[in-house]
Amino acid sequence: MSNAESPSANPVSKGDMRERLIIGLDVPGVEEARSIVTRIGDAGTFYKIGYQLAYAGGFEFARELIGQGKKIFLDLKLHDIGNTVEEGVRSVARMGVTFLTVHAYPQTMRAAVAGKAGSDLRILAVTVLTSYDDNDLIEAGYAPVPAAELVSRRAGQARDIGIDGIVCAATEARRVRGIVGPDRFIVTPGIRPAGSDAGDQKRVVTPGDAIRNGATHLVVARPIVKAADPRAATQAIVREMSEA
Ligand SMILES: O=c1ccn([C@@H]2O[C@H](COP(=O)(O)O)[C@@H](O)[C@H]2O)c(=O)[nH]1
């Protein structure tokens, strides 16, 4: 069976929505991150480390959280020449993290699949950033194309290359599920509880609708890490996911 036909088994437990909420630790340093993780306590099981924390001690902190039994999503959105991506992914594969992102360019995705070979690391392909709408794609030099169509095209390429999961807006999750089949992860940022500030996100969905649309994992940063009570904010989102 080719790589494209055998994506990694989807380990999502339908029973515990905490495992399907990925909390984005978008904070300036490890001290702040550690404090938020402590305050969230057992309400959170899965954390995302992106640019802001990764370049401020986040890699070491990722190892610390893994040591405590938490899962880690390294959101590095790699994109470079193939050899550099492949070797970078090979290094990340030794860290024990669960998810790593790359941009959904075919050369990049192929290199990432080669780099993670033999490890438990799962590669997610970022299709079209949730802060982009159709006009942002035109501004970036694309011929006019609806963001949802470009997401579909890239999801199909990711499937053919054997990528483990797709990052897209939850508005596109149903369509993407039809393209990638039942076993791949669909990870959706741009999540906002009703009434909360979208900030720079443009393709936004509530936690309940994201689950109903078939997302396997939701990514939420500011609505939790900037909340007065991050544990209560986490619990409210998990509750909404559970009731969906
Ligand atoms: O398309 C994408 C890919 C990644 N992200 C990341 O998710 C979080 C979302 O943060 P919020 O504060 O909940 O908006 C952030 O770390 C992004 O880098 C994304 O938003 N969209």
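Residues numbered from 1 in each chain as written. Predicted model: local features only at pLDDT ≥ 70, side-chain atom pairs only at ≥ 80, totals over all residues. Heavy atoms only, no water.

Further remarks concern the overall build of the chain. Secondary structure assignment for the chain yields ten helices and eight strands. The globule rule puts the C-alpha radius of gyration for 244 residues at 18 Å, and the 17 Å found for the chain is close to it. Principal axes of the C-alpha set define a box for the chain whose edges measure 45 × 35 × 35 Å. For the chain, with 244 residues in total, the buried portion stands at 50%. In the chain, of all internal contacts separated by at least 6 residues, the share reaching a separation of at least 24 is 67%. As displayed, the chain offers around 10,700 Å² of accessible surface, 49% of which is attributable to carbon and sulfur atoms. (Helix = DSSP H or I, 4+ residues; strand = E, 2+ residues; numbered from the N terminus. Rg over C-alpha atoms; globule rule 2.2 N^0.38 Å. Buried < 20%, exposed > 50% of the residue type's maximum accessible area, 1.4 Å probe, protein only. Contact = heavy atoms within 4.5 Å. Areas by Shrake-Rupley, 256 points an atom, 1.4 Å probe, with all protein chains shown as cover.)

Here we take up the side chain of Thr127. Within the fold, Thr127 resides in the loop between β5 (122-126) and α5 (134-139). At 2.7 Å, the side chain of Thr127 and the backbone oxygen of Val167 are in polar contact. Here Thr127 is in contact with Ala104, Val151, Arg154, Ala155, Ile166, Val167 and Cys168, once residues within four sequence places are set aside. (Polar contact = N/O pair within 3.5 Å; in protein donor to acceptor, adjacent residues only side chain to side chain.)

This part covers the UniProt feature "domain: Orotidine 5'-phosphate decarboxylase" (unreviewed entry) in the chain. Taking the numbering used here, the UniProt-annotated feature "domain: Orotidine 5'-phosphate decarboxylase" (unreviewed entry) corresponds to residues 20-237. Helix makes up 44% of residues 20-237 and strand 17%, with an end-to-end C-alpha separation of 11 Å. (UniProt positions renumbered as here; feature names shortened; annotations may be inferred.)

On to the pairing of strand β4 (residues 99-103), then. Of all five residues that make up β4, five are buried, and the element is covered over most of its length. With burial as the criterion, each face of β4 is covered, one bearing Phe99, Thr101 and His103 and the other bearing Leu100 and Val102. Here three bridges tie strand β3 (residues 71-78) to β4, and the two strands are oriented parallel to one another. Paired with Phe73 across the strands is Phe99, a residue of β4. Tracing the backbone out of β3, into helix α3 (residues 82-93) and back to the parallel element β4 gives a crossover that is right-handed. Alignment of β4 against β5, held across five bridges, turns out to be parallel. Bridge pairing in β5 places Phe99 opposite Arg122. You can see the chain leave β4, run along helix α4 (residues 106-115) and come back into β5, and the turn it takes is right-handed. (Pairing = 2+ DSSP bridges. Right-handed = clockwise from strand over helix to strand, strands pointing away.)

For Lys77, which is not a glycine, the phi torsion comes out positive at approximately 45 degrees. As for its placement among the helices and strands, Lys77 is situated in strand β3.

On to the packing of α4 against helix α6 (residues 147-161), then. Where α4 meets α6, the closest approach of the two axes is 10 Å, and the angle between their N-to-C directions is 30 degrees. On the basis of the axis angle, α4 is roughly parallel to α6. For the element pair α4 and α6, the recorded crossing hand is right-handed. On α6, the residues touching Pro106, Met109, Arg110 and Val113 of α4 are Arg154, Gln157, Ala158 and Ile161. (Axes fitted to C-alpha atoms, helices over the stretch in contact; angles between N-to-C directions. Parallel < 35°, antiparallel > 145°, perpendicular 65-115°, else oblique. Left-handed = near helix turned anticlockwise from the far one by under 90°.)

Let us look at the layout of surface pockets. There is about 620 Å³ of room inside the largest pocket. Lining the largest pocket are 27 residues, with Asp26, Lys48, Asp75, Lys77 and Gln201 sitting closest to its centre. Elements supplying a minimum of two residues to the lining of the largest pocket: α2 (51-67), β3, β4 and β8 (217-220). (1 Å grid on protein atoms, 1.4 Å probe; cavity = no way out; pocket = protein on both sides within 12 Å on 5 of 7 lines; lining within 4 Å. Points joined across faces, edges and corners; volume = space filled by probe spheres on them.)

Once that is clear, we can look at the environment of Gln235. Relative to the assigned elements, Gln235 resides in helix α10 (residues 230-243). For Gln235, a relative accessible area of 33% corresponds to the partly exposed category. Residues Gln235 and Ala43, spaced 192 residues apart in sequence, show a C-alpha to C-alpha distance of 6.3 Å.

A word on the sheet that holds β8. A barrel is described by the order of its strands in space; here eight strands give the closed sequence β1-β2-β3-β4-β5-β6-β7-β8, paired in parallel fashion. Looking at each pair of strands side by side, their axes are set apart by 25 degrees on average, direction ignored. Pairing between strand β1 (residues 21-24) and β8: three bridges, direction parallel. Its bridge partner lying in β8, Ile23 is registered against Val220.

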